[in-house]
Amino acid sequence: MAAGTLMSDTDSTLRAILQDVLGLSAERVAAFDASTGLFGDLPELDSMAVAGLLTEIEDRLDIVIEDDEVDGELLESYGNLLSFLEAKVAA
């Protein structure tokens, strides 16, 4: 993250969720940027972990993610997931 860049509440919450659910180190998650690959790039994020991740996101952000909103593109990169969640939280 660039110096001076403000992290949104959704961004910091998502980083905490990834750390907690996937058991990733704080340093590793802090280094994520919009282009960081998730599903297919993080061995910790397998098909079994996706359900737990989405459930935790819903609980912590107080949103509902519909099944038809979840596709490969959503979990392709950190930026895709964050943009989706920021839009859901704002709605």
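This report concerns the structure included in the present document. (Residues numbered from 1 in each chain as written. Predicted model: local features only at pLDDT ≥ 70, side-chain atom pairs only at ≥ 80, totals over all residues. Heavy atoms only, no water.)

Brief notes about the overall build of the protein chain
Across its full length, the protein chain holds four helices and zero strands. In sequence order, the protein chain lays out its α and β elements as α-α-α-α. Against the compact-globule benchmark of 12 Å for 91 residues, the protein chain has a radius of gyration of 12 Å, which places it among compact chains. With respect to the principal axes defined by its C-alpha atoms, the protein chain has extents near 35 × 30 × 20 Å. Among the 91 residues that make up the protein chain, the fraction classed as buried is 35%. In the protein chain, the share of contacts with a sequence separation of at least 24, taken over all contacts with a separation of at least 6, comes to 55%. By element, 51% of the accessible surface of the protein chain is carried by carbon and sulfur atoms, the whole surface being about 5200 Å². When the 4 basic and 20 acidic side-chain charges of the protein chain are each reduced to a single mean position, those positions are 5 Å apart. (Helix = DSSP H or I, 4+ residues; strand = E, 2+ residues; numbered from the N terminus. Rg over C-alpha atoms; globule rule 2.2 N^0.38 Å. Buried < 20%, exposed > 50% of the residue type's maximum accessible area, 1.4 Å probe, protein only. Contact = heavy atoms within 4.5 Å. Areas by Shrake-Rupley, 256 points an atom, 1.4 Å probe, with all protein chains shown as cover. Lys, Arg positive; Asp, Glu negative; His and termini not counted. Charge placed at Lys NZ, Arg CZ, Asp CG, Glu CD.)

Looking at the pattern of salt bridges
Scanning the entire structure with this criterion turns up five salt bridges. Close ionic contact of R60 with E56 constitutes a salt bridge, the shortest N to O distance being 2.7 Å. Note that R60 and E56 are positioned in helix α3 (residues 47-61) at a spacing of four residues, about one turn of the helix. A salt bridge links E69 to K88; the shortest N-O distance between them is 3.1 Å. Here E69, found in the loop between α3 and α4 (78-90), pairs with K88, found in helix α4; they are 19 residues apart in sequence, far enough to count as distant. Through salt bridges with shared partners, a single network forms among D20, E56 and R60. (Salt bridge = Lys/Arg side-chain N within 4 Å of Asp/Glu carboxyl O.)

With respect to the side chain of R15
Considering the arrangement of structural elements, one finds R15 in helix α1 (residues 9-22). The buried category is assigned to R15, whose relative accessible area is 7%. A distance of 3.1 Å separates a polar atom in the side chain of R15 from the backbone oxygen of F32. (Polar contact = N/O pair within 3.5 Å; in protein donor to acceptor, adjacent residues only side chain to side chain.)

Focus on the nonpolar core
Side chains that are nonpolar tend, in soluble globular proteins, to be buried together. Residues L14, L18, L45, I57, L81 and L85 are the most contacted members of the largest nonpolar core, which totals 25 residues. Elements that contribute at least two residues to this core include exactly α1, α3 and α4. Among the elements that make up this core, the one with the highest residue count is α3 (six residues). Aside from chain neighbours lying at most four places away, what touches L18 is G23, L24, F32, L53 and Y78. (Core = buried A, V, L, I, M, F, W, Y, C linked by side-chain atoms within 4.5 Å.)

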